[in-house]
Amino acid sequence: MLKGRHLIAPCDFSIDEMEYLFDLTKRIISDKNYLRQAANGKIMASLFFEPSTRTRLSFEAAMMRLGGNVLGFADAQSSSTSKGESLADTITVVQSYVDLLVMRNPKEGSALLASRYSQIPVINAGDGGHHHPTQTLTDLVTIRELRGKIDGITIGFCGDLKFGRTVHSLTEALSRYANVNLVFISPSELTIPTYIKRDILKKSNTQFIETERLEKVTGDLDVLYMTRVQRERFLNEEEYLRLKDFYILTPEKLKAAKDDLIIMHPLPRVNEISIKVDSDKRAAYFKQAEYGMYIRMALIAALLGVV
Ligand code: NCD
């Protein structure tokens, strides 16, 4: 169904294609041996020009669990980019060595550019403050697994909504579902970009509100999506220091929340969720990271056409 396709932006796949991946993921979760050797003999390049723990390792683990091989690098300094090679040249060459390319790059638009030079599938593992579509797949599958469905949810996004690419991608993906209510919780310096409100949410008639006060809305939420203040995208370190601890989720603040709230975070966490919340049954962020590996298995298998 998805053989040979690229995944650059969160709505590149249709709802049906996403559902197909979610169903495949469910099957992998219930039978860890399913697709065990499906990618035997295939190679995935993992090109990380920017730091990552979960995304890179979960992609690599996913490929290994499918029986495939992985090569690549984990920082730009160890690639020829540091000698001045263009991304176009790197991609043109690497795509002739492997069957699938996964790339993270600090420049917005870099994944789209890479896909133009590649005959094989390119997966965007994050392009600057722009998009992170496989985190979106992870987030959607988590909501689906823990809640049964995505339609009808009220989801609060809290923290750095300006630079957080996971928020941008998930918001865009959710705008295609019915009766979704979005609550954007951020300081005024870190609000969700205007283009998302104007070109995506208004056009799709998705309901949203904006507030600075988490405590005002906690009780309304089905999902609370916390985010880290994205230090690396700030031009001014003082502003980062002023905003970094704006929200810290604690057990006290969760007293007003629903019993079946799902607390998510793409991780890494810095200070925005107290570790005291980790033992709350509503904390889903570590489960979410685990699901990220399963959905990446489903995605790789589908793009390679081995399922
Ligand atoms: C996120 C990212 O890289 O955008 N992390 C991830 O992929 N799980 C979130 C972040 O870095 O804050």
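Residues numbered from 1 in each chain as written. Predicted model: local features only at pLDDT ≥ 70, side-chain atom pairs only at ≥ 80, totals over all residues. Heavy atoms only, no water.

Trainee: Go over the environment of E232, please, and point to the residues and values.
Mentor: Mapped onto the fold, E232 is located in the loop between β8 (223-226) and α9 (237-243). Residue E232 is classed as partly exposed on the basis of its relative accessible area, which comes to 44%. Note: C-alpha distance between E232 and G128 (104 residues apart in sequence) is 9.8 Å. Polar side-chain contacts of E232 include one of 3.0 Å to the side chain of R228. (Helix = DSSP H or I, 4+ residues; strand = E, 2+ residues; numbered from the N terminus. Buried < 20%, exposed > 50% of the residue type's maximum accessible area, 1.4 Å probe, protein only. Polar contact = N/O pair within 3.5 Å; in protein donor to acceptor, adjacent residues only side chain to side chain.)

Trainee: I'd like to hear about the sheet that holds strand β2 (residues 69-73), residue by residue, with values.
Mentor: The strands that make up a sheet pair up through hydrogen bonds in the backbone, lying either parallel or antiparallel. Strand order in the open sheet formed by four strands is β2-β1-β3-β4, and the pairing between neighbours is parallel. Each edge of the open sheet carries a strand with a single partner, namely β2 and β4 (122-127). Strand-to-strand, the axes of this sheet are offset by a mean angle of 15°, without reference to chain direction. Pairing geometry for strand β1 (residues 43-48) and β2, over five bridges, is parallel. Bridging from a neighbouring strand, L47 pairs with F73 of β2. Its contacts with the sheet place helix α10 (residues 285-304) against β1, β3 (100-105) and β4, and it is angled at close to 130° to β3. (Pairing = 2+ DSSP bridges. Axes fitted to C-alpha atoms, helices over the stretch in contact; angles between N-to-C directions. Contact = heavy atoms within 4.5 Å.)

Trainee: Before we move on, could you go through the side chain of H131 and cite the residues and values that matter?
Mentor: Along the chain, H131 turns up in the loop between β4 and α5 (133-147). Classification of H131 by relative accessible area gives buried; the value is 4%. Within the structure, H131 has its side chain in polar contact with the side chain of S169 (distance 2.6 Å). At 3.4 Å, the side chain of H131 and the side chain of E172 are in polar contact. When neighbours within four sequence positions are excluded, H131 is seen to be in contact with I8, A9, P10, N124, G126, R165, H168, S169 and E172.

Trainee: Explain the pairing of strand β6 (residues 181-185) to me, using residue names and the numbers behind them.
Mentor: Walk down a regular strand and you will see the side chains alternate between the two sheet faces. Taking burial as the measure, the five residues of β6 include four buried ones, the bulk of the element. In the sheet, strand β5 (residues 154-158) pairs with β6 via five bridges, with the strands oriented parallel. What sits directly across from F157, in β6, is F184. Handedness of the β5-helix α6 (residues 165-174)-β6 crossover: right-handed. Relative to strand β7 (residues 207-211), β6 is paired through five bridges, and the arrangement is parallel. Bridge pairing links F184 to E210 in β7. Taken together, β6, helix α7 (residues 194-202) and β7 form a β-α-β motif whose crossover is right-handed. (Right-handed = clockwise from strand over helix to strand, strands pointing away.)

Trainee: Give me the packing of aromatic side chains: which residues, what numbers.
Mentor: Taken as a whole and assessed by the stated rule, the structure comprises eight aromatic pairs. Here the aromatic rings of F157 and Y225 are separated by 5.4 Å at their centres, their planes lie at 55°, and the arrangement is tilted. Here the residue F157 occupies a position in strand β5, and Y225 occupies one in strand β8, the gap between them amounting to 68 residues. In this structure, F157 and Y225 share a single accessibility class: buried. Taken together, the ring pairs in this structure connect F157, F184, F208 and Y225 into an aromatic cluster. If you follow R27 out to its NZ or CZ, it ends over the ring of Y34, 4.0 Å from the centre. (Phe/Tyr/Trp six-rings, centres within 6.5 Å; stacked < 30°, edge-to-face > 60°. Lys NZ or Arg CZ within 6 Å of the ring centre and 35° of its normal.)

Trainee: Run through the site of the ligand, naming residues and quoting values.
Mentor: By nearness alone, every residue bordering the ligand is listed as T55, R104, H132, Q135, R165, T166, R228, Q230, P266, L267 and P268. One of the side-chain nitrogen or oxygen atoms of H132 is found 2.7 Å away from an oxygen atom of the ligand. L267 has a polar backbone atom sitting 2.9 Å from a nitrogen atom of the ligand. Relative to its unbound accessible area of 320 Å², the ligand is 94% covered by the protein chains. (Near = heavy atom within 4 Å. Areas by Shrake-Rupley, 256 points an atom, 1.4 Å probe, with all protein chains shown as cover.)

Trainee: Outline the pattern of salt bridges, listing residues and values.
Mentor: According to the stated counting rule, one finds 19 salt bridges in the structure shown. The salt bridge involving K26 is made with E145; its shortest N-O contact spans 3.0 Å. Here the residue K26 occupies a position in helix α1 (residues 15-30), and E145 occupies one in helix α5, the gap between them amounting to 119 residues. The partner of E210 in a salt bridge is K197, with the nearest N and O atoms 3.1 Å apart. Pair noted here: E210 is in strand β7 and K197 is in helix α7, with a separation of 13 residues, a long-range link. For E210, a relative accessible area of 38% translates into the label partly exposed. (Salt bridge = Lys/Arg side-chain N within 4 Å of Asp/Glu carboxyl O.)

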